[in-house]
Amino acid sequence: MTALIKKYKIKLGPLTFCFMNWYEFIYLYFEIFVFKEYSFVSNKEVPLILDCGAHIGIAVLFFKQKYPNAIIIAFEPQQTNVSLLKQNITENKLKDVTIISSAVSNHVGNVPLYTSGANKSSWGNSLQASSNSAKVLTETVSVIKLSSYLEQKIDFLKMDIEWVEEDVLREIEPKIGNVQELVIEIHNQVGSTNNRLLFVKKFLEKHLFQVRYKKHFPIALGEFLKKIIGKNSTDIYILHAWR
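Keep in mind that this is a model prediction, so the values were computed, not measured. (Residues numbered from 1 in each chain as written. Predicted model: local features only at pLDDT ≥ 70, side-chain atom pairs only at ≥ 80, totals over all residues. Heavy atoms only, no water.)

> Which parts of the structure should I look at to understand helix 1 (residues 22-34)?
Residues lying three or four places apart along an α-helix face the same way, a consequence of the helix completing one turn every 3.6 residues. Of the residues making up helix 1, those classed as buried are Glu 24, Phe 25, Tyr 27, Leu 28, Glu 31, Ile 32 and Phe 33. At the N-terminal end of helix 1, a side-chain oxygen is found 3.0 Å from the backbone nitrogen of Tyr 23, two or three residues along, and the residue is Asn 21. (Buried < 20%, exposed > 50% of the residue type's maximum accessible area, 1.4 Å probe, protein only. Helix = DSSP H or I, 4+ residues; strand = E, 2+ residues; numbered from the N terminus. Polar contact = N/O pair within 3.5 Å; in protein donor to acceptor, adjacent residues only side chain to side chain.)

Rendered as structure tokens:
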């Protein structure tokens, strides 16, 4: 018999949050609403935002709270997450949010999605099994080229795409000029010779972005959460780039 997955719903201020993992929710809420890792300033009343790796929509709620009229395209391949993303949009009566139930990649097709545990809503879902030796196959998902959504000016691009940052940046390079500002969560594997952070920094500077980056979260909170949820195999950075 398949165990039922419990879902939670809480109200914080004007927003309602639906989720199924307390540890993930607390981590994401601090990241997005307290430390404001995806905050940006736009002088447009209707900024266009692409959220790659939308998960259950915590960042979507943050963007809509800051820019109520924003147009958001949210990319999320994992169906359990998509269900919660839709629920968060509905519960908060959000408009102008389009969900693309695909992962962004450097090609179009269907690929395996891997997860770091039994919880299929895990934020650690990745298209690359090698990013964590403990990952197991969960389902097959569709992938699309992000460049097909860069035909117009993008005010803000969020990328939390678990190990495929380099592939996607190379794929969108011909259209990177249409991106005004972006924030990327970058995973550097501890002990690896592949410095993803350095690649992304140099790539964006080559395209005339100003770049700054920092370790993910203050040290004390980061170490505490690592012990709880096991995020200890990578150095995670938040990179902010703008023109």
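Okay, back to it.
> Just checking my understanding: could you explain a nonpolar patch on the surface for this structure?
Judged by side-chain polarity, Trp 22, Ile 26, Phe 30 and Val 34 come together as a nonpolar surface patch covering roughly 330 Å² of accessible area. Take Ile 26: its relative accessible area is 37%, and that puts it in the partly exposed class. (Patch = residues over 30% accessible without salt bridge, like charges linked within 9 Å, V, L, I, M, F, W, Y side chains within 5 Å. Areas by Shrake-Rupley, 256 points an atom, 1.4 Å probe, with all protein chains shown as cover. Salt bridge = Lys/Arg side-chain N within 4 Å of Asp/Glu carboxyl O.)

> I keep staring at the pairing of strand 1 (residues 8-12) and nothing clicks. Help me out?
Each regular strand carries side chains that alternate between the two faces of the sheet. When strand 1 meets strand 2 (residues 15-19), the two strands line up antiparallel, connected through 5 bridges. For Lys 11, the partnering residue across the bridge sits in strand 2 and is Thr 16. Joining the antiparallel neighbours strand 1 and strand 2 is a turn of 2 residues, in which Gly 13 adopts a positive phi near 65°. (Pairing = 2+ DSSP bridges.)

> Would you mind going over the environment of Lys 11 with me for this structure?
Counting through the fold element by element, Lys 11 comes out in strand 1. Judged by its relative accessible area of 57%, Lys 11 falls in the exposed class. Within the structure, Lys 11 has its side chain in polar contact with the backbone oxygen of Pro 14 (distance 3.4 Å).

> Help me out: how do you make sense of the packing of aromatic side chains in this one?
Any pair of aromatic rings gets described here by the distance separating the centres and the angle formed by the planes. Overall, the coordinates contain 20 aromatic pairs when judged by the stated rule. Relative to Tyr 149, the ring of Phe 75 lies with its centre 5.0 Å away and its plane at 85°, an arrangement referred to as edge-to-face. Placement of the pair is Phe 75 in strand 4 (residues 71-75) and Tyr 149 in the loop between strand 8 (136-145) and strand 9 (156-159), with a sequence separation of 74 residues. Phe 75 sits in the buried class, given a relative accessible area of 1%. These aromatic residues form a ring-pair network of at least three members: Tyr 8, Phe 17, Phe 19, Trp 22, Phe 25, Tyr 29, Phe 33, Phe 40, Phe 62, Phe 63, Tyr 67 and Phe 156. Its guanidinium or amino end placed over the ring of Tyr 38, Lys 158 lies 5.3 Å from that ring's centre, counting from NZ or CZ. Of note, Arg 243 hangs over the ring of Phe 209, and the distance from its end group to the ring centre comes to 3.8 Å. (Phe/Tyr/Trp six-rings, centres within 6.5 Å; stacked < 30°, edge-to-face > 60°. Lys NZ or Arg CZ within 6 Å of the ring centre and 35° of its normal.)

> What am I meant to see in the pattern of salt bridges here?
Side chains carrying opposite charge are able to pair once their charged atoms draw close together. Evaluated as defined, the whole model comprises 9 salt bridges. Of the charged contacts in the structure, one is a salt bridge between Lys 175 and Glu 151, with a shortest N-O distance of 2.3 Å. Placement of Lys 175 in the loop between helix 4 (165-172) and strand 10 (181-189) and of Glu 151 in the loop between strand 8 and strand 9 is noted, with a sequence separation of 24 residues between them. Under the relative-accessibility criterion, Glu 151 is labelled exposed at 59%. One salt bridge connects Glu 166 with Arg 196, and the closest N-O pair in it is separated by 3.6 Å. Placement of Glu 166 in helix 4 and of Arg 196 in helix 5 (residues 196-206) is noted, with a sequence separation of 30 residues between them. When sorted by exposure, Glu 166 lands in the same class as Arg 196, which is buried. In the salt-bridge network here, residues are joined through shared partners; they are Glu 166, Arg 170 and Arg 196.

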